[in-house]
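Overview (structure and organization)
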Amino acid sequence: MKKFITTAVTAAVLLSTPASASAARNGFQTVALNNSVFEVIPRSRRDVDGYWCAAADFARRTLGAGWQDRIYVVRGYGPSEATGRRTAVQFSTQPPAGGVPKQGSFITSGFNPGESMSVQGANGRCNVRPFLN
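Keep in mind that this is a model prediction, so the values were computed, not measured. Within every chain, residues take consecutive numbers counted from 1 along the sequence as written. Only residues with pLDDT of at least 70 are given local features in this predicted model, and only at 80 or more are side-chain atom pairs given and counted; all residues enter the totals for whole chains, interfaces and linings. Hydrogens and water are ignored here; the side-chain numbers use all heavy atoms of the structure.

What follows concerns the nonpolar core. Here, nonpolar core means buried Ala, Val, Leu, Ile, Met, Phe, Trp, Tyr and Cys residues that are tied together by side-chain atoms lying within 4.5 Å of each other. Here the term buried applies to any residue with accessible area under 20% of the maximum for its type, exposed to any over 50%, and partly exposed to those in between, with areas from a 1.4 Å probe on protein chains only. In this structure, F38, V40, Y51, W52, I71, F91 and F111 are the most contacted members of the largest nonpolar core, which totals 20 residues. Counting from the N terminus, the helices are the DSSP runs of H or I reaching at least four residues and the strands are the DSSP runs of E reaching at least two. For this core, the elements supplying multiple residues, two or more each, are strand 3 (37-41), helix 2 (48-61), strand 4 (70-78), strand 5 (88-92) and helix 3 (119-124). For this core, the leading source of residues is helix 2, giving eight residues. Every residue pair with non-hydrogen atoms within 4.5 Å of one another is taken to be in contact. The contact partners of V40, leaving out residues within four places of it in the chain, are F28, Q29, T30, Y51, A54, A55, A88, V89 and F91.

Right, dumping it as structure tokens:
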């Protein structure tokens, strides 16, 4: 009976997660929306570094991106198209169709469409700890 319950719970979890979804080591969920756009959805942390870290993890592990490849913001904060959660950010490894806007600095305070970072730079944000209150 215990084995049946464990199997049923495992099946329910697998069926509730989209086939193209993954979880980054920092707890953010990442879901492919199509062949070029993916969405990063926070679970509890909501810091900017966490989004970039999850995007780098998905680009490397799922999309096979190289360390010097770029990750672009497609859409800043908004509702998740994949899960319905209130907050998600959409990324792509393809530059936006209208061209890449000029970036002022390495430091970002949010997510503006067209902003980008190398996979390596975004991965470097995985070790940044958010400020605790």
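What follows picks up the thread again.
Turning next to the side chain of E39. Mapped onto the secondary structure, E39 falls in strand 3. Buried charged residue E39 carries no salt bridge. Nearest counter-charge: R75, at 4.2 Å. A polar side-chain atom of E39 sits 2.9 Å from the main-chain amide nitrogen of E81. Discounting residues that sit within four places of it in the chain, E39 has contacts with Q29, T30, V31, L33, R75, P79, S80, E81, A82, A88, V89 and Q90. The sign given to each residue is positive for Lys and Arg and negative for Asp and Glu; His and the chain ends receive no count. Put simply, a salt bridge is a Lys or Arg side-chain nitrogen that is within 4 Å of an Asp or Glu carboxyl oxygen. We define a polar contact as two N or O atoms separated by no more than 3.5 Å, with the added condition that, inside protein, one atom must be a possible hydrogen donor and the other a possible acceptor, whereas residues neighbouring each other in sequence contribute only through side-chain atom pairs.

Now for a positive patch on the surface. Note that patches include only residues with greater than 30% relative accessible area and no salt bridge, and the join distances are 9 Å for like charges and 5 Å for nonpolar side chains (Val, Leu, Ile, Met, Phe, Trp, Tyr). Per-residue and other accessible areas were derived by the Shrake-Rupley procedure at a 1.4 Å probe size, with only the shown protein chains allowed to occlude residues. By convention, the charge on Lys lies at NZ, on Arg at CZ, on Asp at CG and on Glu at CD. A cluster of basic residues, R43, R46, R85 and R86, forms a positive patch on the protein surface. Here R85 lies in the loop between strand 4 and strand 5. What makes R85 partly exposed here is its relative accessible area of 34%.

Right, let's get into the confidence of the model for the protein chain. Overall, the prediction assigns the protein chain a mean pLDDT of 79, with 67% of residues at 70 or greater. The pLDDT value tells you how sure the predictor is about a given residue, anywhere from 0 up to 100. Low pLDDT, under 50, characterises residues 4-19; the stretch is placed with three contacts to residues that sit more than four places away or in other chains.

With that out of the way, let us pick up the pattern of salt bridges. On inspection of all chains with the given rule, the structure shows two salt bridges. A salt bridge links D49 to R125; the nearest nitrogen and oxygen atoms lie 3.0 Å apart. Highlighted residues: D49 in helix 2 and R125 in the segment after helix 3, separated in sequence by 76 residues. One exposure class covers both D49 and R125, and it is buried. Put simply, R61 and D57 hold a salt bridge, and the shortest N to O gap is 2.6 Å. Placement of both R61 and D57 in helix 2 is noted, with a separation of four residues, approximately one turn of the helix. You can call R61 exposed: its relative accessible area is 65%.

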